[in-house]
Each structure stands twice: as structure tokens, then as C-alpha cells.
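Chain by chain, the residues run as shown.
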Amino acid sequence: MVEHQHGYLHRKDDYLARLRRIEGQARGLQRMVEEEQYCIDILTQVSAMTKALQSVSLGLLDEHMHHCVADAARAGEAEGRAKIDEAVAAITRLVKS
């Protein structure tokens, strides 16, 4: 039996680098609050961090659709439908957040 490989693995280092930058942004936001910086400046940085997280989410979703969902669809109708349902649920969570 072939072990399933996640679609994002070929870009794993890119994702990790982006997530580390986001982690740095979060620490920067904490520092801004600790230093009692201007609220609009903090909100601007929150917006930048949110956009960075959304970018990671969209990249992972793209990888999932092109790899996991496509593979499941090739495996059979039931597997394809299950992966599509899973993807729709993930998209719904992303849109609501």
C-alpha cells in the first residue's frame, strides 16, 4: 500500500518560512501592545498578519484541491465526493473566520 503524501510537501520549506514570519509578526504585535503604541498602528499590523495567514490558507487549499481532491476523484466517485465535502467545509470555515 502506498502511503498518502500531502500535496504541500514539495513547498513545505516555503510554508514553514512564511509561518515563521507570521510568528514574528505576532511577537511584534505583543511588543506593540506592551509598549502601548498607537491603536491604529497595531490594527494595521493585525491586518497585515491576517492577510499573511489568509495567503497561507489559500496556498494550502490550492495544494489540497490539486493534489488530495484530484487524487480522490481519480480513485472513485465516493472518495472524490468525500474530499470535495471536506474541502467545502474547510472553505466555509475560512470564509467565516
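As annotated in an unreviewed UniProt entry, the protein carries the name DNA-binding FrmR family transcriptional regulator and comes from Nocardioides salarius. Quoted verbatim from the Sequence similarities (unreviewed entry) field of UniProt, the annotation for the protein is "Belongs to the CsoR family."

Below, the discussion takes up the pattern of salt bridges. Under the definition given, this model contains six salt bridges. By sharing partners, the salt bridges in this structure join R11, D14 and E63 into a single network.

Before going further, it helps to examine helix α1 (residues 12-34). For α1, with 23 residues, the first-to-last C-alpha span of 33 Å sits near the 33 Å given by 1.5 Å per residue. Listed in full, the buried residues belonging to α1 are Y15, R18, I22, G28, L29 and M32. Tucked into the core, α1 has its buried residues touching α2 (39-75). Positioned one or two residues after α1, E36 has a phi angle of 55 degrees, which is positive.

A separate point is the environment of I22. For I22, the location among the structural elements is in helix α1. Residue classification places I22 among the buried residues on the basis of a relative accessible area of 6%. Sequence spacing of I22 and V56 is 34 residues, and the spatial spacing of their C-alpha atoms is 9.9 Å.

Rules behind the numbers
- Residues numbered from 1 in each chain as written.
- Predicted model: local features only at pLDDT ≥ 70, side-chain atom pairs only at ≥ 80, totals over all residues.
- Heavy atoms only, no water.
- UniProt positions renumbered as here; feature names shortened; annotations may be inferred.
- Salt bridge = Lys/Arg side-chain N within 4 Å of Asp/Glu carboxyl O.
- Helix = DSSP H or I, 4+ residues; strand = E, 2+ residues; numbered from the N terminus.
- Expected span 1.5 Å × (residues − 1).
- Buried < 20%, exposed > 50% of the residue type's maximum accessible area, 1.4 Å probe, protein only.
- Contact = heavy atoms within 4.5 Å.

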